[in-house]
Amino acid sequence: MKALGRKFKDFWESPGSPFDLVLVGAVFFLLLFGICVMYSSSSVTAWREFQDSEYFLKKQLAWAVIGLIVFFFFANFPYKRLERFALAGIIISVLLLILVFIPGVGKSVGTYYGRNFHRWIGIGPYQLQPSEIAKLAVVVYLSSLIVKLKLKENRDPKKFILPAVLLLAVLILILAEPAFGTTMEILFVVIAFVFLFGFPVRNLLLVGLVSLPLAYLLISQVGYRRKRMEVWLDPYRFRYDEGHQLVTSFRAFLDGGWFGNKLASGYAHRYLTYSHTDFVLATYVEDFGFIGFLFFFALVMILLSRVYVLLKRVEDPFGFYLGAGLLFILGTQFVINSYVVTGLFPITGISLPFMSYGGSSLLVVLAAFGILVNITRKENIGV
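Thresholds applied
- Residues numbered from 1 in each chain as written.
- Predicted model: local features only at pLDDT ≥ 70, side-chain atom pairs only at ≥ 80, totals over all residues.
- Heavy atoms only, no water.
- Axes fitted to C-alpha atoms, helices over the stretch in contact; angles between N-to-C directions.
- Helix = DSSP H or I, 4+ residues; strand = E, 2+ residues; numbered from the N terminus.
- Parallel < 35°, antiparallel > 145°, perpendicular 65-115°, else oblique.
- Left-handed = near helix turned anticlockwise from the far one by under 90°.
- Contact = heavy atoms within 4.5 Å.
- Nonpolar A, V, L, I, M, F, W, Y, C, P; charged D, E, K, R; others polar.
- Salt bridge = Lys/Arg side-chain N within 4 Å of Asp/Glu carboxyl O.
- Bend = angle between axes of the 7 residues up to and from the residue.
- Patch = residues over 30% accessible without salt bridge, like charges linked within 9 Å, V, L, I, M, F, W, Y side chains within 5 Å.
- Areas by Shrake-Rupley, 256 points an atom, 1.4 Å probe, with all protein chains shown as cover.
- Buried < 20%, exposed > 50% of the residue type's maximum accessible area, 1.4 Å probe, protein only.
- pLDDT = per-residue confidence, 0-100.
- Core = buried A, V, L, I, M, F, W, Y, C linked by side-chain atoms within 4.5 Å.
- Phe/Tyr/Trp six-rings, centres within 6.5 Å; stacked < 30°, edge-to-face > 60°.
- Lys NZ or Arg CZ within 6 Å of the ring centre and 35° of its normal.
- Expected span 1.5 Å × (residues − 1).

Structural notes on the packing of helix H7 (residues 180-197) against helix H13 (residues 317-341)
Here H7 crosses H13 at 140°, and the two axes come no closer than 10 Å. Relative to H13, the element H7 lies oblique. H13 is crossed by H7, and the crossing has right-handed handedness. Here Glu185, Phe188, Val189, Ala192, Phe193 and Leu196 of H7 come into contact with H13, specifically with Tyr321, Ala324, Gly325, Phe328, Ile329, Thr332, Gln333 and Ile336. Classifying every residue of the contact of H7 with H13 by side-chain character gives ten nonpolar, three polar and one charged.

A look at the pattern of salt bridges
The full count for this structure, using the stated rule, is six salt bridges. Overlapping salt bridges, with partners in common, bring together Glu132, Lys135 and Glu185 in one network.

A short note on helix H2 (residues 21-50)
The largest bend in H2 comes to about 45°, at Ser42. Of the residues flanking the end of H2, it is Gln51, one or two places downstream, whose phi is positive at about 55°.

Let's talk about a nonpolar patch on the surface
Taken together, Leu87, Ile91, Leu95, Ile98, Ile102, Val105 and Leu162 make up a surface patch of nonpolar side chains, about 540 Å² in accessible area. The greatest single-element share of the nonpolar patch, amounting to four residues, is contributed by helix H4 (residues 86-99). For Ile98, the position within the fold is in helix H4. For Ile98, a relative accessible area of 38% translates into the label partly exposed.

What about the environment of Glu54?
Its place among the elements puts Glu54 in the loop between H2 and helix H3 (55-76). For the pair formed by Glu54 and Tyr39, sequence separation is 15 residues and the distance between their alpha carbons is 7.2 Å.

A word on the confidence of the model for the protein chain
Predicted confidence across the protein chain gives a mean pLDDT of 84, with 83% of residues reaching 70 or more. The least confident element of the protein chain, judged by mean pLDDT, is helix H1 (residues 2-12) at 59; the most confident is H3 at 95.

Topic: the nonpolar core
In terms of nonpolar packing, the biggest core is built from 92 residues, with Leu82, Val170, Phe296, Leu322, Phe354 and Phe369 touching the most fellow members. In this view, Phe296 contacts Leu30, Phe33, Leu281, Tyr284, Phe334, Leu352 and Met355; residues no more than four positions away in its chain are not counted.

Some thoughts on the packing of aromatic side chains
Overall, the coordinates contain 24 aromatic pairs when judged by the stated rule. Between Tyr267 and Tyr271, the aromatic rings sit 4.7 Å apart at their centres with planes inclined by 45°, giving tilted as the arrangement. Linking Tyr267 with Tyr271, this pair stays in helix H11 (residues 267-271), spanning four residues, or about one helical turn. The exposure class assigned to Tyr267 is partly exposed, which follows from its relative accessible area of 23%. With a relative accessible area of 46%, Tyr271 lands in the partly exposed category. Grouping aromatic residues by their ring pairs yields a cluster made of Phe29, Phe33, Tyr284, Phe288, Phe295, Phe296 and Phe334. Across the ring face of Phe77, the terminal group of Arg81 is positioned such that the distance to the ring centre comes to 5.9 Å. In this arrangement the basic side chain of Arg239 is found over the ring face of Tyr240, its NZ or CZ atom lying 5.7 Å from the centre.

Quick word on the side chain of Thr182
When you line up the elements, Thr182 lands in helix H7. Under the relative-accessibility criterion, Thr182 is labelled buried at 2%.

Concerning the environment of Ile66
On the secondary structure map, Ile66 appears in helix H3. Counting along the chain gives 293 residues from Ile66 to Gly359, while the straight-line C-alpha distance between them is 9.1 Å.

Some details on H7
With 18 residues, H7 should cover 26 Å at 1.5 Å per step; its first-to-last C-alpha distance of 26 Å lies within 8% of that length. The complete set of buried residues in H7 reads Phe180, Gly181, Thr182, Thr183, Glu185, Ile186, Val189, Val190, Ala192 and Phe193. The first or second residue beyond H7 is Gly198, which carries a positive phi of 110°.

Let's talk about the environment of Arg270
If you trace the backbone, Arg270 turns up in helix H11. Expressed as a C-alpha distance, the spacing of Arg270 and Thr283, which sit 13 residues apart in the sequence, is 9.8 Å. Look past the residues within four positions of Arg270 in its chain and what remains in contact with it is Val44, Arg48 and Ser265.

Structure follows, in structure tokens:
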């Protein structure tokens, strides 16, 4: 038994050649699996809105093909060159985030409570979401910045002005869209990099406590955010209006039971808003039950833990920080989405990697894993 355990440990901690087959296999399986789940979750809505049950499937397949090209490009592109484009990348991200507010270029969506969301740029029949690209650009920029700062003993405070301005611009523009969940996601990544840089945890906690009044104002002084908090605290009180989404999600988990139901036949498939985007996990559990949820959770844990094990042995500082940042932002996305759908976190627009419908999210997820596959190549891993 001990010998078997040692063999498994050696296998688990050793990268493949030239790419890690466990990591690549997990990415491909989750991509195919996620498209199938998205199809089941979207078929009823697609038929109701477009009289074509495969409408969203066709578009997602097109994005998946583009995403695979992006994945293979970044898996083979020398990742160290990304350090050269870090500053240009985040500046381009800021410009793209500004474009969403320009009439005729940006695409906005109105809500039933009168709020307009400016999150997309129209490209023919498709839409690009700059905030997704900004997440990747921020990770690359912070990785480059932290490596440069670690190499310099004399750190001039003036050199922090430009990074602070750029990061603040990204956060403010995404917050103005509004996309509060994505803003928090990027903010968490910034905090993670500050921690990786060696900033004391106690001081980080103090900064967090000092920031609580600002967070309170951002929620309490904006109507739709305040309403979301009220719905989160007591969804059944608002079950016939704003709380319908969360209550229906709860019902999907209940109706799914242990083993699920006939595909695309449940209540949530017919009545859950965003059943194929932010709340795709609810319709998935309705189809496949708690066993299906455990299966998906196991897949995600295998994927993320595999990246973690390999990253610990990456010798290049830029590669390590870049990989750690990507791992953190992807892990945060999985956690926040699952917490939202299960009511552990207030509703916010965070997609579920691989499963949620959306081209921009899928492209960025595949780009991120392409970079991770590249970083964790056998030649980059220490003995």
